[in-house]
Amino acid sequence: MPGLLRGMARTAVVAGTATAVSNRVSRRQAGRWAQQDVYQSATPTEPPAPVAPVAPTSSVSDKIEQLKELGALRDQGILTDSEFAAQKERLLNS
């Protein structure tokens, strides 16, 4: 009977150790994959398009036309909202 208990105890220890190691490996791999996903989502896939500076104008109709062009570029997705706002501010302050 003592041999049977010793064999069962050894099996339990081996199984418990294997489970602990397996869980640790799984958590470590999940952490690495999460870091890799964060890195891939943080790197831009293509560089942003350069924004041409707005030429200073004096005519109100020219400014309105340029604002319409900037709005069209923003609607097409070429300009972000922050780029549009910066160009709009520069145009209106010129």
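Residues numbered from 1 in each chain as written. Predicted model: local features only at pLDDT ≥ 70, side-chain atom pairs only at ≥ 80, totals over all residues. Heavy atoms only, no water.

A.B. asks: So what's going on with the packing of aromatic side chains? Which residues, and what values?
C.D. replies: Counted under the stated rule, the structure contains zero aromatic pairs. Over the ring of Phe84 we find Arg74, and its NZ or CZ is 4.2 Å from the ring centre. (Phe/Tyr/Trp six-rings, centres within 6.5 Å; stacked < 30°, edge-to-face > 60°. Lys NZ or Arg CZ within 6 Å of the ring centre and 35° of its normal.)

A.B. asks: Please set out helix 2 (residues 60-75) residue by residue, giving values where relevant.
C.D. replies: The end-to-end C-alpha distance of helix 2 is 22 Å, a good match for the 22 Å that 16 residues give at a rise of 1.5 Å each. Restricting attention to buried positions, one finds in helix 2 the residues Lys63, Gln66, Leu70 and Gly71. Viewed end-on, helix 2 has its buried residues packed into an arc of 145°, placing them on one side of the element. Facing away from the buried surface of helix 2 by more than 90 degrees, the exposed residues are Lys68 and Asp75. Summarising the contacts, the buried residues of helix 2 are in contact with helix 3 (81-92). Looking one or two residues beyond helix 2, the residue adopting positive phi is Gly77, at roughly 90°. (Helix = DSSP H or I, 4+ residues; strand = E, 2+ residues; numbered from the N terminus. Expected span 1.5 Å × (residues − 1). Buried < 20%, exposed > 50% of the residue type's maximum accessible area, 1.4 Å probe, protein only. Arc of directions from axis to C-beta. Contact = heavy atoms within 4.5 Å.)

A.B. asks: For the pattern of salt bridges, give the residues involved together with the corresponding values.
C.D. replies: Across all of its chains, the model carries one salt bridge by this definition. The closest approach of N and O atoms between Asp75 and Arg74, which form a salt bridge, is 3.7 Å. (Salt bridge = Lys/Arg side-chain N within 4 Å of Asp/Glu carboxyl O.)

A.B. asks: If you had to explain the packing of helix 2 against helix 3 to someone new, which residues and values would you point to?
C.D. replies: Running from amino to carboxyl end, helix 2 crosses helix 3 at an angle of 175°, the nearest separation of the two axes being 10 Å. Judged by the angle between their axes, helix 2 and helix 3 are roughly antiparallel. Within the contact between the two elements, helix 2 uses Lys63, Gln66, Leu67, Leu70, Gly71 and Arg74 and helix 3 uses Asp81, Phe84, Gln87, Lys88, Leu91 and Leu92. For the contact of helix 2 with helix 3, the class distribution of residues is five nonpolar, three polar and four charged. (Axes fitted to C-alpha atoms, helices over the stretch in contact; angles between N-to-C directions. Parallel < 35°, antiparallel > 145°, perpendicular 65-115°, else oblique. Nonpolar A, V, L, I, M, F, W, Y, C, P; charged D, E, K, R; others polar.)

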